[in-house]
Amino acid sequence: MSGEAEPKSILSINAGSSSLKIKLFDIVRNDKAPVPKLILKSTISKLTSPSAKFTFKIVDKKEYDVEAQEIENVHTSVEAFNHILKHSRNDDNGFGNKRVDHITHICHRVVHGGEIGDRGPLVVNNRVIKEVEELATLAPLHNGPAESILKEAIRALPEARNIAFFDSSFHSTLPDFIRTYPIDQKVAKEKKLRKYGFHGLSYSWVLKNVAKFLGKEKEETSIIALHLGSGASICAIKNGKSYDTSMGLTPLEGLPGGSRSGTVDPSLIFHYSSRPGEKDKVLSSVELSHAENILNSGSGFKALVGTSDFSEILATDPPTHESELTVNIYLDRILGFLGSYWLKLKGGTGGVDAIVFSGGIGEGSSEFRKMIIDGLAGLNGEFDGLDNERNKKGSEGNEVVYPIGDGEGKIKFLVCETDEELQMVEECLSTKKLW
Ligand SMILES: Nc1ncnc2c1ncn2[C@@H]1O[C@H](COP(=O)(O)OP(=O)(O)O)[C@@H](O)[C@H]1O
Ligand SMILES: CC(=O)OP(=O)(O)O
Ligand SMILES: [Mg+2]
């Protein structure tokens, strides 16, 4: 453990439900502050729709680039982490052991922070690992993998200090009447059953960069941010604070995703799990966890159309009944949240600055952004119209945020290239107690 020393080299690890994304930064000092300089980025994607794809890029050493290489033997996030580590440690790949063994700090994205998550990032110790483990049932696609990577990082890079950043922390500002489920409050308090919300590292990054783009203070910025990735959520941010978000006690609530159903009538579970004529049967806990597993891992796009890869679904040519149904369901649920959050923010503060797209689908698909914006056309004047050309062109140069609207409405449409890895590093560098 380094401890108390200014970070020199930070590895940032983001275990998503379909991918592992890592970045390595050297920390250089300018006059006033430590500044991260990107050295390496690597991703393994399509973990849930194999074969997995491996990308590896060392900055300024293009000759060592690996681009979307298919890898057969990697199925889990921890296998993906070990694959990247092994590749980095091989001198033939342009990197070598020295660089890896100089890592002083490791930032880990942990999706569910439960009550400890409300305190912000924490230096990892046995107690934190135990909490992450205990919360695994509340984020089944995330906390288990994050815990395995945490343990593997401690084993493989023993000199580094590990820090956990919780996706749920950003939502600690949710008002009581939004975070409370209308159930017996004694049980709710005892079992800590409330809305937590996730994708908070992404929302922190989006808020910070959109405020900068708009030339406003964060505290004066109100946006509706969409994080559309393998898991998808929407957040209403009111004057710089999370006011409502579509995910809940777990990342299952709200929008459907690659393998998740999103919100369904809770009673569906009981009917799904019993055979015809057995409707009144009491379900065993095994049957209930099986149902929970199906809703998390065997539903969503995968169940509707056979793949959790949204780009494949959009590219189905000609579209099939299943691909169209999937896109229409996703679009409908997104528009439902947009309408609701627009109303909530308008009614409360009178202002929404922008609708912001991020995440693999939000950043990658101009076609799907157009469908969403077309769906809001009835509110012309309130919202921008679409600037078709800019929407198709995407980001120019190194823009983190760019507009895709025509500037005619009160509410802008923006795209923000999210960076959960750099968000963690920036928070680490600005929080001395984490060193
Ligand atoms: N250009 C694109 N068009 C449509 N979908 C895309 C595009 N690029 C990535 N995606 C989709 O984004 C999803 C992965 O998003 P990402 O945010 O990387 O996921 P994770 O939840 O694993 O972090 C996948 O469904 C993938 O198909
Ligand atoms: C919280 C969540 O669903 O994250 P991801 O989209 O990265 O799987
Ligand atoms: Mg993600």
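Because the structure is predicted, anything quoted here is derived from the model rather than measured.

Here we look at the sheet that holds strand β9 (residues 223–228)
Next up, step 1: Strand order in this open sheet of 6 strands is β11-β10-β9-β12-β14-β13, and the pairing throughout is mixed. Edge positions in the sheet fall to β11 (241–245) and β13 (401–403), since each of these pairs with one other strand and no more. Averaged over neighbouring strand pairs, the angle between their axes works out to 25° when direction is ignored.

Considerations on the UniProt feature "binding site: substrate" (unreviewed entry) in the protein chain
Next up, step 1: Here, UniProt's "binding site: substrate" (unreviewed entry) annotation points to R109.
Next up, step 2: Position of R109 relative to the elements: it lies in strand β6 (residues 105–110).
Next up, step 3: Apart from the residues within four sequence positions on either side, R109 is in contact with I13, N14, A15, G16, A146, F165, D167, H199, L201, E420 and M424.

Brief notes about the site of ligand 1
Next up, step 1: The environment of ligand 1 is made up of 15 residues, and the closest members are S18, S19, K21, D309 and F310.
Next up, step 2: One of the backbone nitrogen or oxygen atoms of F310 is found 3.0 Å away from an oxygen atom of ligand 1.
Next up, step 3: Between ligand 1 and G360, the relevant distance is 3.1 Å, taken from an oxygen atom to a main-chain nitrogen or oxygen of the residue.
Next up, step 4: Of all elements in the fold, only α11 (310–314) and α13 (359–364) reach the threshold of two or more residues within the shell around ligand 1.
Next up, step 5: Among the elements that line the shell around ligand 1, the one with the most residues is α13, at 3 residues.
Next up, step 6: Within the shell around ligand 1, the residues separate by chemical class into 2 nonpolar, 11 polar and 2 charged.
Next up, step 7: In this structure, the shell around ligand 1 is formed jointly by two domains, domain 1 (9–166) and domain 2 (215–420), each of which donates at least three residues.

Conventions adopted
- Residues numbered from 1 in each chain as written.
- Chains lettered and ligands numbered in written order.
- Predicted model: local features only at pLDDT ≥ 70, side-chain atom pairs only at ≥ 80, totals over all residues.
- Heavy atoms only, no water.
- Pairing = 2+ DSSP bridges.
- Helix = DSSP H or I, 4+ residues; strand = E, 2+ residues; numbered from the N terminus.
- Axes fitted to C-alpha atoms, helices over the stretch in contact; angles between N-to-C directions.
- UniProt positions renumbered as here; feature names shortened; annotations may be inferred.
- Contact = heavy atoms within 4.5 Å.
- Near = heavy atom within 4 Å.
- Polar contact = N/O pair within 3.5 Å; in protein donor to acceptor, adjacent residues only side chain to side chain.
- Nonpolar A, V, L, I, M, F, W, Y, C, P; charged D, E, K, R; others polar.
- Domains from an automatic or database assignment.

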